[in-house]
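Residue-level listing of the chains:
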Amino acid sequence: MKKLVMLVALVLTMAMSAMCFAAGDATELNKEQRVVDKFVTALNAGDSGAFTQLSVDFAPDLQSKITAANFAELQKQMQEKFGNQKEITFAAYERFDQGDRLTYLASYSKQKLVRVVYGFNKDGKLTEFVFVPMEIKEEQK
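This section reports on the structure supplied with the text. Just so you know, these numbers come straight off a predicted model, no measurement behind them. (Residues numbered from 1 in each chain as written. Predicted model: local features only at pLDDT ≥ 70, side-chain atom pairs only at ≥ 80, totals over all residues. Heavy atoms only, no water.)

**Some points on the side chain of Gln111**
Which entries qualify depends on this criterion: Strands are runs of DSSP state E lasting at least 2 residues, helices are runs of H or I lasting at least 4, and numbering of each runs from the N terminus. When accessible area is computed with a 1.4 Å probe and restricted to protein chains, residues below 20% of their type maximum are described as buried, those above 50% as exposed, and intermediate ones as partly exposed. Only heavy atoms enter the contact rule, under which two residues are in contact if any of them lie within 4.5 Å.
Position of Gln111 relative to the elements: it lies in the loop between β2 (99-108) and β3 (113-121). What makes Gln111 buried here is its relative accessible area of 14%. With sequence-adjacent residues up to four places away left out, Gln111 is seen in contact with Phe82, Pro133, Met134 and Glu135.

**Describing the packing of aromatic side chains**
Keep this limit in mind: Ring geometry is summarised as follows: Phe, Tyr and Trp rings, the Trp one being its six-membered ring, pair when their centres sit within 6.5 Å, and such pairs are stacked at plane angles under 30 degrees, edge-to-face over 60 and tilted between the two.
On inspection of all chains with the given rule, the structure shows nine aromatic pairs. For the pair Phe39 and Tyr118, a centre-to-centre distance of 5.5 Å together with 75 degrees between the ring planes defines the contact as edge-to-face. Highlighted residues: Phe39 in helix α1 (residues 2-44) and Tyr118 in strand β3, separated in sequence by 79 residues. Across the pair, exposure class does not vary: Phe39 and Tyr118 are buried alike. Site record: aromatic cluster; members linked through ring pairs are Phe39, Phe51, Phe58, Phe71, Phe90, Tyr104, Tyr118, Phe129 and Phe131.

**A short note on helix α4 (residues 68-81)**
Just so we agree on the cut-off: A helix is expected to span 1.5 Å multiplied by its residue count minus one. An arc is given here, and it is the one of the directions from the helix axis to the C-beta atoms.
Taking 1.5 Å of rise per residue, 14 residues should cover 20 Å, and α4 covers 20 Å from first to last C-alpha, within 8% of that figure. All buried positions along α4 are accounted for by Phe71, Leu74, Gln75 and Met78. Angular distribution of buried residues about the axis of α4 spans 100 degrees; they occupy a single face of the element. Those residues of α4 that are exposed and aimed more than 90 degrees away from the buried face are Ala69 and Glu80. Gly83 sits one or two residues past α4 and shows a positive phi near 85 degrees.

**Considering the pattern of salt bridges**
Short version of the rule: Criterion for a salt bridge: a side-chain nitrogen of Lys or Arg within 4 Å of a carboxyl oxygen of Asp or Glu.
If you walk through the whole model with that rule in mind, you get five salt bridges. Lys38 is the salt-bridge partner of Asp57, the closest N and O atoms lying 2.6 Å from each other. On the criterion of sequence distance, the pair formed by Asp57 in the loop between α2 (49-54) and α3 (60-65) and Lys38 in helix α1 is long-range, its members being 19 residues apart. Note on Asp57: relative accessible area 14%, which makes it buried.

**Overview of the pairing of β2**
To be explicit about the condition: Paired strands, as defined in this entry, are two strands with at least two bridges between them according to DSSP.
Within β2, eight of the ten residues are buried, which leaves the element mostly enclosed by the surrounding structure. In the sheet, strand β1 (residues 85-95) pairs with β2 via nine bridges, with the strands oriented antiparallel. The partner of Ala92 across the bridge, within β2, is Thr103. In the sheet, β2 pairs with β3 via eight bridges, with the strands oriented antiparallel. Each residue of the ladder has a partner; that of Leu105, found in β3, is Arg115.

**Concerning the nonpolar core**
Our working definition: Joining through side-chain atoms within 4.5 Å is the link that ties buried Ala, Val, Leu, Ile, Met, Phe, Trp, Tyr and Cys residues into a set, and such a set is a nonpolar core.
Core analysis: the biggest nonpolar cluster contains 28 residues, and Phe39, Phe58, Phe71, Tyr118, Leu126, Phe129 and Phe131 have the highest contact counts within it. Breaking this core down by element, the ones donating at least two residues are α1, α2, α4, β2, β3 and β4 (126-134). In terms of residues, this core owes the most to one element, α1, which gives seven residues. Contact partners of Phe129, with chain neighbours within four places excluded, come to Phe39, Leu62, Ile66, Leu74, Val117 and Tyr118.

Following this line, the structure appears as structure tokens:
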């Protein structure tokens, strides 16, 4: 009986410590997902007001590369190439020494599937993003 009690106590202790370690990752993930939500909203909006709110979350290197005019051009290119966004789904969260990477799968009116990857530095600032169109192979019967 004592062994059973000790085993239950050990399992509960291990489970509790694992949950505490994951809590820090969840906080970072939530902050980064909010930045992605702002980015997607700004990208789908037609005005530059959303960009000014979003640029606060850019890393200094990205802020120097993307201006309001560049972002407006990106919006135009996205509309021409992919069309209107229908859906976006969170797919993966990866942690690295120098930052994090969030991967989403998006669906657009002209492109069925697009993999969207957002990179963040240690401070939770957006450092990079990429939109990769994916081809869906037809199933052979």
